[in-house]
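Fold and geometry: a report
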Amino acid sequence: MASALCLCVRRSLPAEPSSRVFLSLDMPSDVGLVEEAVELLNRHCFAGRTPPPSARTQFRLRVALAEALANAIQFGNQSDPAKRVRIIAELISDEIRLGVSDQGVGFDPSRVPEPTSPESLEGECGRGLFLIRHLVDRLEFNDQGNTIWMTLPRS
Amino acid sequence: MGFTKTAKGAGVVVVSIEGQLIVGNRQELKALIQESLDHGDRKFLIDCTRTGYIDSSGLGALVSIAKKVREATGELRLAGLNNDLRSLFELTKLDTLFPISPTPDQALQGF
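Here the residue numbering is sequential within each chain, running from 1 through the sequence in written order. Written order determines the labels here, with chains lettered from A and ligands numbered from 1. Thresholds applied to this predicted model are a pLDDT of at least 70 for local features of residues and 80 or more for the giving and counting of side-chain atom pairs; totals over whole chains, interfaces and linings are not thresholded and use all residues. Derived side-chain values reflect all non-hydrogen atoms in the structure, with water molecules and hydrogen atoms excluded from consideration.

1. Some remarks on the overall build of chain A
What counts, and what does not: The numbering of helices and of strands both runs from the N terminus, where a helix is a DSSP run of H or I of at least 4 residues and a strand a run of E of at least 2. Here the globule rule is a power law, 2.2 Å times the number of residues to the power 0.38, and the radius of gyration is based on C-alpha atoms. For the exposure calls, accessible area comes from a 1.4 Å probe over protein chains only, and a residue counts as buried if that area is under 20% of its type's maximum, exposed if over 50%, partly exposed in between.
Within chain A, the regular secondary structure consists of three helices and six strands. Reading the helices (α) and strands (β) of chain A from amino to carboxyl end gives β-β-α-α-β-β-α-β-β. Here the C-alpha radius of gyration of chain A, 16 Å, is about what a compact globule of 155 residues would show, namely 15 Å. The principal-axis extent of the C-alpha atoms belonging to chain A is close to 55 × 35 × 35 Å. Among the 155 residues that make up chain A, the fraction classed as buried is 46%.

Okay, here's the thing in structure tokens:
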């Protein structure tokens, strides 16, 4: 079966002072595609790296991206099949800047409760953003709260 | 990617997570354990030896499964987590909720 995912790759011109690679992926609001999207991005984010990135580095990217996609699909787009999720990756030397945008109304990240309190510990939901915060080097949101920017190491 | 269910001695059902436990397949694992509970099984070992990564939906599914097993007066243990997987349980304090053994064999001895 043909994949529903199509990744675009753009490289900066060699004359530019720092070499950059830009990846973009537009996907439907389908949680069944999260694993495939994560593997595709993981492969391209670390392509050609010598030595190859550690298992820990790849684990951080995979989990953080899977979380961001699940949040965008389920909470941002409310699993509406008419709405899309867009992923942008900017690869700059030893750093990956990953942006995940949905078409929802956005949320206020400061209002997400702490999931490790005794009363929340046995809850089924609410750990996604908490995990992302611990896995990435830097975390930012746009003003509307429907785009998350995560900075991760590339080696 | 998928789940393999095998029966071990002493009535323990071992469920191996091969690949990812994430938002796209967590319901499958919940259904598999529920089916075993309905069948009368009460002792479960989740083997993560061949697991790649788990997201928060996967962790949430394990919390929900553990609750159901406990309500049925059963027992659920985890084993075979690598350092990365273990760090997710420690960060979220879920290591306080599940008995976690280094290897499946050690977990089986604990039942």
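Here the narrative resumes.
2. Some remarks on the packing of helix H2 (residues 55-76) of chain A against helix H3 (residues 128-135) of chain A
Residue and element names in this part refer to chain A. For clarity, the cut-off: Angles shown run from 0 to 180 degrees and are taken between the N-to-C directions of axes, each axis being a line fitted to C-alpha atoms and, for helices, limited to the stretch in contact. The scheme is simple: roughly parallel for angles under 35 degrees, roughly antiparallel for over 145, roughly perpendicular for 65 to 115, oblique for anything else. Helix crossings fall into two classes, left-handed where the near helix is turned counterclockwise from the far one by less than a right angle and right-handed where it is turned clockwise. Note on contacts: a residue pair is in contact if any heavy atoms of the two residues lie within 4.5 Å.
Orientation of H2 relative to H3, taken along the N-to-C sense of each, is 150°, at an axis distance of 9 Å. Considering their axes alone, H2 and H3 lie roughly antiparallel with respect to each other. Where H2 crosses over H3, the handedness of that crossing is left-handed. Touching Arg-56, Arg-60, Val-63, Ala-64, Glu-67, Ala-68 and Asn-71 of H2 are Gly-128, Leu-129, Leu-131, Ile-132 and Leu-135, all from H3.

3. Structural notes on the state of the cysteines
Residue and element names in this part refer to chain A. For clarity, the threshold we go by: Criterion for a disulfide: a pair of cysteine sulfur atoms at a distance within 2.5 Å.
Under the counting rule described, the total for this entry stands at zero disulfides over all chains. Free of any disulfide, Cys-45 has its nearest neighbouring cysteine sulfur in Cys-8, separated by 14 Å. Cys-45 sits in the buried class, given a relative accessible area of 0%.

4. Some words on unusual backbone geometry
The peptide bond linking A:Thr50 to A:Pro51 adopts the cis configuration, its omega dihedral lying at -5°. Assignment of secondary structure puts A:Pro51 in the loop between helix H1 (34-45) and H2. Its identity is not glycine, yet B:Thr73 carries a phi of approximately 55°, on the positive side. Its place among the elements puts B:Thr73 in the loop between helix H2 (56-71) and strand E5 (75-79). Relative accessible area serves as the criterion here: at 71%, B:Thr73 is assigned to the exposed category. Non-glycine residue B:Lys93 carries a positive phi angle of around 65°. We classify B:Lys93 as partly exposed; its relative accessible area is 41%.

5. Some thoughts on the nonpolar core
A general tendency of soluble globular proteins is for nonpolar side chains to be buried together. Let me state the cut-off plainly: For our purposes a nonpolar core is just a set of buried Ala, Val, Leu, Ile, Met, Phe, Trp, Tyr and Cys residues, chained together by side-chain atoms within 4.5 Å.
If you look at the biggest cluster of nonpolar residues, it comprises 72 residues, and the most contacted ones within it are A:Leu41, A:Leu69, A:Leu98, A:Val100, B:Phe89 and B:Phe98. Top contributing element to this core by residue count: H2(A), with eleven residues. For A:Val100, the contacting residues outside a window of four places in its chain are A:Leu65, A:Ala68, A:Leu69, A:Ala72, A:Val85, A:Arg86, A:Ile87, A:Asn146, A:Thr147, A:Ile148 and A:Met150. Formed by five residues, the second largest nonpolar core is a distinct cluster that contains B:Val12, B:Val14, B:Ala79 and B:Ala107.

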